[in-house]
Amino acid sequence: MTTEFDAYERSLWAGRAAAYEQVFMQQSRHLTDPLLDAVGAGSGTRLLDAGTGPGPVAAAAAARGAQVTAVDADPGMAEAAARNVPEAQVLIGVLPDLGLSDATFDAVVGNFVINHVGDPAISIAALARLLRPGGRLALTCWHHPHTVSNSLIQTAWDEVGLPWPEDLPVSPFRELGEPAPFAALLRQAGLKAVEVAEVSWEHRVDPEVWWSGPASGVGASGVALGRLDPITLGDVKAAYDRLVAQYATPDGLVALPACALLASGTSPGSVRLAGPDRPV
């Protein structure tokens, strides 16, 4: 089932894999190890990385000895993942129907993917069905009230006094990105021992590099910036420069507060521990 928001997301990310990899992936990869720890990924774990992007989580899982399948909806992202993680099986697939068999994986992870789907409940249920009994699911989303890094462009936009484009869809997950509703979605999908943890950090980055992501058309902010005339764009950039300066560090970078939620749960049934030498 493809919703209007899903179709928007496909167009939003088409052709932007390289720009995403150079800028925004450097922030989102902070959750790589916590995700893999949450599902107990190790040697022999049959793991699915849903929404793999250029493959940072898949690469880390493969380095732990996991047998990795990585899926992304965007062909450019999948191509980058295949290049970056040659030991993984990389497929193109769109949630909720990835074309994979139920009860196939010991672990399923998705790093900041659930906020890019039109129906989060259906997608989470679909991912849960891919788990073997006792398998683990772990998903992350941005905790927007505490993530300055992702709101700088829109804050600069507001300072200039521009109305945000009404035709840019808002993720259905925006209202669900809090601990209680996120946990409820996993329980609704039939998962047990559900936990939601908050992970906070400072994303250290060159402020010009951080601006270059949306300036090159990445994400909804990139779409909005791309509609501006040069003078207005310069006004937004000047407001961004003023805002980001308060996070400057002595080495010329900025330390931008970022915060995410990591939700995890276990598929019902006999507990299966990862690894070829452990009991099933």
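Residues numbered from 1 in each chain as written. Predicted model: local features only at pLDDT ≥ 70, side-chain atom pairs only at ≥ 80, totals over all residues. Heavy atoms only, no water.

Caption draft 1: Looking closely at the packing of helix α1 (residues 4-13) against helix α11 (residues 219-226). For the pair α1 and α11, interaxial distance at closest approach is 10 Å and the crossing angle is 70°. In this view, α1 runs roughly perpendicular relative to α11, as classed from their interaxial angle. Each of Y8, L12 and W13 in α1 lies in contact with α11, whose residues at this interface are G219, A220 and V223. (Axes fitted to C-alpha atoms, helices over the stretch in contact; angles between N-to-C directions. Helix = DSSP H or I, 4+ residues; strand = E, 2+ residues; numbered from the N terminus. Parallel < 35°, antiparallel > 145°, perpendicular 65-115°, else oblique. Contact = heavy atoms within 4.5 Å.)

Caption draft 2: Up close: the pattern of salt bridges. Under the counting rule described, the total for this entry stands at ten salt bridges. D167 is the partner of R227 in a salt bridge, and the nearest nitrogen-oxygen pair spans 2.8 Å. In this pair, R227 sits in the loop between α11 and α12 (230-245) while D167 sits in the loop between α8 (152-160) and α9 (179-188), placing the two residues 60 residues apart along the sequence. Through salt bridges with shared partners, a single network forms among D33, D37 and R64. (Salt bridge = Lys/Arg side-chain N within 4 Å of Asp/Glu carboxyl O.)

Caption draft 3: Examining helix α7 (residues 120-129) more closely. Every buried residue belonging to α7 is among P120, S123, I124, A126, L127 and A128, and all of these are buried. Buried residues along α7 sit against β1 (46-50), β4 (105-110), β5 (131-142) and α9. (Buried < 20%, exposed > 50% of the residue type's maximum accessible area, 1.4 Å probe, protein only.)

Caption draft 4: Spatial organisation of the packing of α7 against α9. Between α7 and α9, whose axes approach to 9 Å, the crossing angle comes to 50°. Between α7 and α9, the crossing angle belongs to the class labelled oblique. The two elements α7 and α9 cross, and the hand of that crossing is right-handed. Here P120, A121 and I124 of α7 lie close against α9, whose contacting residues are L185, L186 and Q188. For the contact of α7 with α9, the residue count by class is five nonpolar, one polar and no charged. (Left-handed = near helix turned anticlockwise from the far one by under 90°. Nonpolar A, V, L, I, M, F, W, Y, C, P; charged D, E, K, R; others polar.)

Caption draft 5: Summary view of the environment of E202. For E202, the position within the fold is in strand β6 (residues 192-205). E202 gets classed as exposed once you look at its relative accessible area, which sits at 53%. Residues E202 and H30, 172 residues apart in the sequence, show an inter-C-alpha distance of 9.8 Å. For E202, the residues in contact, after removing those within four places along its chain, are A255 and L256.

Caption draft 6: Focus on unusual backbone geometry. Following L95, the chain continues into P96 via a peptide bond in cis, with omega recorded as 10°. If you trace the backbone, P96 turns up in the loop between β3 (89-92) and β4. Non-glycine residue A103 carries a positive phi angle of around 55°. By the element assignment, A103 lies in the loop between β3 and β4. On the basis of relative accessible area, A103 is assigned to the partly exposed category, the value being 34%. In this structure, F112 takes a positive phi of about 55° despite not being glycine. Inspection of the secondary structure assignment puts F112 in the loop between β4 and α7. Note on F112: relative accessible area 5%, which makes it buried.

Caption draft 7: Spotlight on the state of the cysteines. Evaluated as defined, the whole model comprises zero disulfides. Here C141 stays free of any disulfide, with the sulfur of C259 as its closest cysteine sulfur at 9.1 Å. The buried category is assigned to C141, whose relative accessible area is 1%. (Disulfide = S-S within 2.5 Å.)

Caption draft 8: Main features of α1. Listed as buried for α1 are F5, D6, Y8, E9, L12 and W13. Viewed along the axis of α1, the buried residues span an arc of 160°, placing them on a single side of the element. Contact partners of the buried residues in α1: α2 (17-22), α6 (75-84) and α11. Looking at the residues trailing α1, positive phi occurs at G15, about 80°. (Arc of directions from axis to C-beta.)

Caption draft 9: Region of interest: the pairing of β1. Most of β1 sits out of view: four of its five residues are buried. What joins β1 to strand β2 (residues 67-72) is helix α5 (residues 56-63), and the crossover it makes is right-handed. Both β1 and β4 contribute to a ladder of three bridges, which runs parallel. Looking at the pairing, L47 lines up with A107 of β4. (Right-handed = clockwise from strand over helix to strand, strands pointing away. Pairing = 2+ DSSP bridges.)

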